[in-house]
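# Residue-level structural notes
Chain residues, written in single-letter form:
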Amino acid sequence: MTNSDANIAERASRKAQRKTTPVYLRTVWAIVWKDLAAELRSRELISSMLVFAILVIFIFNFALELDARARFNVTSGVLWVTFAFAGTLGLNRSMAMEKDRGCLDGLLLAPVDRSAIFLGKALSNLFFMLIVEAIVLPVYSLLYNINLLHPGLIAVVLLGSVGYVTVGTLLSSMAVQTRTRDVLLPILLFPIVLPLFIAAVKVSAGFLQGLDMSEIWPWLNLIIVFDLIFSAVAIMVFDYVVEE
Amino acid sequence: MEAKPRLLTILDGVTVVMLIIATGMVFFYAPVEAVMGLVQKVFYFHVAAGWVGMLSFLVAAGAGIAYLWKGNRKWDVVGMASVELGLVFAFINVVTGSIWARPIWNAWWTWDPRLTTATIMLLIYAAYLMLRSGIEDPDRRARFGAIYAILGFLSVPLTFLSARLFRGIHPVVIGSNQPGAEGQFDMTALMLQTFLFSLLTFTIIFIDLLWHRIRLGRLQDRIEQMKLELNL
């Protein structure tokens, strides 16, 4: 009797588990979808990030005199500085949108796991960042007659963006709740993502200069470790960021 | 008003005496290094300050975890106190290092892993203080401070690792003998004793100041509460 009870209970809990997984994913997807729909209508986030990114490249062009030899050395650095600056712009905007007219409070009222909200925001931020990068890379290739569409480079842009956006989403959700707001985000974010940044520049330069994989792997590993550690920690502590 | 604990007064005295002895040992007990001369004496307090800077970073991250876990205000006071002290000691570390580097490396600054890491640590501390100063609600200020202390503590070793994958010229006096380091030297027994005593002294200074700062933080909290009560 007790045995069969236990069996039923176990089966029920397993059933519940099977049910909760899709609910979680559906929550994440709902938040991503909301952000994409809002962006599709306003187009203010991606367009401002994109224009800003192109401007940064133009400023670099004249600041560093990107002739053929200089370009060979600094292209990866220029790219990552551009992504980092454009990224903070997008992260700030994306969180300011939530703070505006209490959208975030509405999200938090929903009876869902808070980490799903974080993942949803992080994924949509990642999506915006990747779109900007997907446009900047060919534009840069075109402007400087250099082929940046190398599979290795695309992989590192993807991996680097994951880490950057994860930490960025967490910190921007903190920064938006302070008095200084958007000014604070780069000050909080850049010292934390510095190791990721160093490694990403190194790996990108390695691929562009055709270095041996054995020289690239240590840096690539560093990026992967960074992504894993900070994704885990960000998901764990997000609850405390939005707690009231 | 809580009175100053007896033990703290005693610790104050011990700290002062130890600092005087340590200074005396640096100048009169430890021999002058053969190649670098007098400027090498900066080493004793330089490393000790760096050690305390890192220790306070660790304490701040530990206090952050404890605060998020237990939600007790006292951990927030510990974290804040630790970051403030860490900022001071890390700054002493960087400045004394520069004083040493000018004659030895012929430059105030190089992009060595240790230098980079120490300075990033300073910047993270500074960002921590800016984050806190921008938040009115004490509860939220404590939570955000805790989170940022943890994130910073996780990021700093990775910064060190990535900067070391570049190249380094900073001497590693303790442990391995690294070829190519500029300003490398072997410690004699007297130097080692002086060095260890400096480490101990700075650790005691840290504990003493941390205690004072925590007490100050607690008193500040009390004043806030009293003001609130008066307003009611």
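Preceding this paragraph is the structure being described.
Residues numbered from 1 in each chain as written. Chains lettered and ligands numbered in written order. Predicted model: local features only at pLDDT ≥ 70, side-chain atom pairs only at ≥ 80, totals over all residues. Heavy atoms only, no water.

### Section: the overall build of chain B
- Regarding its fold elements, chain B presents six helices and zero strands.
- The linear arrangement of helices and strands in chain B, starting from the amino end, is α-α-α-α-α-α.
- Once the C-alpha set of chain B is aligned to its principal axes, its extents read approximately 70 × 40 × 25 Å.
- The proportion of buried residues among the 232 residues of chain B is 48%.
- When contacts within chain B are restricted to residue pairs at least 6 apart in sequence, long-range pairs at least 24 apart make up 75% of them.
- Taking the average place of the 19 positive charges on the side chains of chain B and the average place of its 15 negative ones, the gap between the two points comes to 2 Å. (Helix = DSSP H or I, 4+ residues; strand = E, 2+ residues; numbered from the N terminus. Buried < 20%, exposed > 50% of the residue type's maximum accessible area, 1.4 Å probe, protein only. Contact = heavy atoms within 4.5 Å. Lys, Arg positive; Asp, Glu negative; His and termini not counted. Charge placed at Lys NZ, Arg CZ, Asp CG, Glu CD.)

### Some thoughts on the overall build of chain A
- Within chain A, the secondary structure is distributed over eight helices and zero strands.
- Mapped in sequence order, the helices and strands of chain A form the string α-α-α-α-α-α-α-α.
- Referenced to the eigenvectors of the C-alpha coordinate spread, the extents of chain A come out at roughly 80 × 45 × 30 Å.
- By residue count, 46% of the 244 residues in chain A fall in the buried class.
- A separation of at least 24 residues holds for 81% of the contacts in chain A among residues at least 6 apart in sequence.
- Carbon and sulfur atoms form 67% of the exposed surface of chain A, whose accessible area is close to 12200 Å².
- Treating the 19 positive side-chain charges of chain A as one cloud and the 19 negative ones as another, the clouds have centres 7 Å apart. (Areas by Shrake-Rupley, 256 points an atom, 1.4 Å probe, with all protein chains shown as cover.)

### A short note on unusual backbone geometry
Residue and element names in this part refer to chain A.
- Phi angles above zero are rare outside glycine, and Arg 43 is one such case at about 55°.
- When you line up the elements, Arg 43 lands in the loop between helix 1 (2-42) and helix 2 (44-64).
- In this structure, Asn 145 takes a positive phi of about 55° despite not being glycine.
- Tracing the backbone through its elements, the reader meets Asn 145 in the loop between helix 5 (114-144) and helix 6 (151-175).

### As for a nonpolar patch on the surface
- On the surface, Met 213, Trp 217, Ile 224 and Leu 228 of chain A cluster together into a nonpolar patch covering about 370 Å² of accessible area.
- Residue class for Met 213 of chain A comes out partly exposed when judged on its relative accessible area of 34%. (Patch = residues over 30% accessible without salt bridge, like charges linked within 9 Å, V, L, I, M, F, W, Y side chains within 5 Å. Salt bridge = Lys/Arg side-chain N within 4 Å of Asp/Glu carboxyl O.)

### Some thoughts on the nonpolar core
- Judged by nonpolar contacts, the single largest core of 100 residues is most densely connected at Tyr 164, Leu 170 and Leu 171 of chain A together with Tyr 148 of chain B.
- Of the residues forming this core, the biggest block, 13 residues, is contributed by helix 8 (residues 213-242) of chain A.
- Excluding residues within four positions of it along the chain, Leu 170 of chain A makes contact with Phe 118, Ala 234, Val 237, Phe 238 and Val 241 of chain A together with Ile 147 and Leu 151 of chain B.
- Ala 48, Ile 205, Leu 210 and Ile 214 of chain B belong to the second largest nonpolar core, which has 15 residues in total. (Core = buried A, V, L, I, M, F, W, Y, C linked by side-chain atoms within 4.5 Å.)

### Observations regarding the interface of chain B and chain A
- Each side of the interface is counted separately: chain B has 25 residues, and chain A has 28 residues.
- Summing both partners gives a buried area of about 2700 Å² for chain B against chain A, and 76% of it is carried by carbon and sulfur.
- At the junction of chain B with chain A, the criterion picks out two salt bridges.
- The partner of Glu 243 of chain A in a salt bridge is Arg 143 of chain B, with the nearest N and O atoms 3.5 Å apart.
- Here chain B and chain A share nine residue pairs in polar contact (both at pLDDT 80 or more) between them.
- Elements represented by at least two residues in the side of chain B that touches chain A include exactly helix 4 (113-133) and helix 5 (138-165) of chain B.
- Here the side of chain B that touches chain A is composed, by residue class, of 16 nonpolar, six polar and three charged. (Buried area = accessible area lost by both parts, 1.4 Å probe. Polar contact = N/O pair within 3.5 Å; in protein donor to acceptor, adjacent residues only side chain to side chain. Nonpolar A, V, L, I, M, F, W, Y, C, P; charged D, E, K, R; others polar.)

### Looking at the packing of aromatic side chains
- By the definition in use, this model includes 14 aromatic pairs over all chains.
- An angle of 25° between the planes, with centres 4.3 Å apart, marks the rings of Phe 226 of chain A and Phe 230 of chain A as stacked. Separated by four residues within a single helix, Phe 226 of chain A and Phe 230 of chain A lie in helix 8, roughly one turn from each other.
- When its relative accessible area of 1% is taken as the criterion, Phe 230 of chain A is described as buried.
- Members of the aromatic cluster, each reached through a chain of ring pairs, are Phe 43, Tyr 44 and Phe 195 of chain B.
- The ring of Trp 69 of chain B has Lys 70 of chain B lying over it, and the distance from NZ or CZ to the ring centre is 5.2 Å. (Phe/Tyr/Trp six-rings, centres within 6.5 Å; stacked < 30°, edge-to-face > 60°. Lys NZ or Arg CZ within 6 Å of the ring centre and 35° of its normal.)

### Re the environment of Asp 137 of chain B
All names here are of chain B.
- With respect to the helices, strands and loops of the structure, Asp 137 is situated in the loop between helix 4 and helix 5.
- On the basis of relative accessibility, which here comes to 33%, the residue Asp 137 falls in the partly exposed class.
- Here the alpha-carbon distance between Asp 137 and Gly 37, two residues 100 residues apart in the chain, equals 53 Å.

### With respect to the side chain of Arg 132 of chain B
Residue and element names in this part refer to chain B.
- Among the secondary structure elements, Arg 132 is positioned in helix 4.
- A polar atom in the side chain of Arg 132 sits 3.0 Å from the side chain of Tyr 128.
- Apart from the residues lying within four places of it in its own chain, the contact partners of Arg 132 are Asp 76, Met 80, Arg 141 and Gly 145.

These figures capture arrangement, not role.
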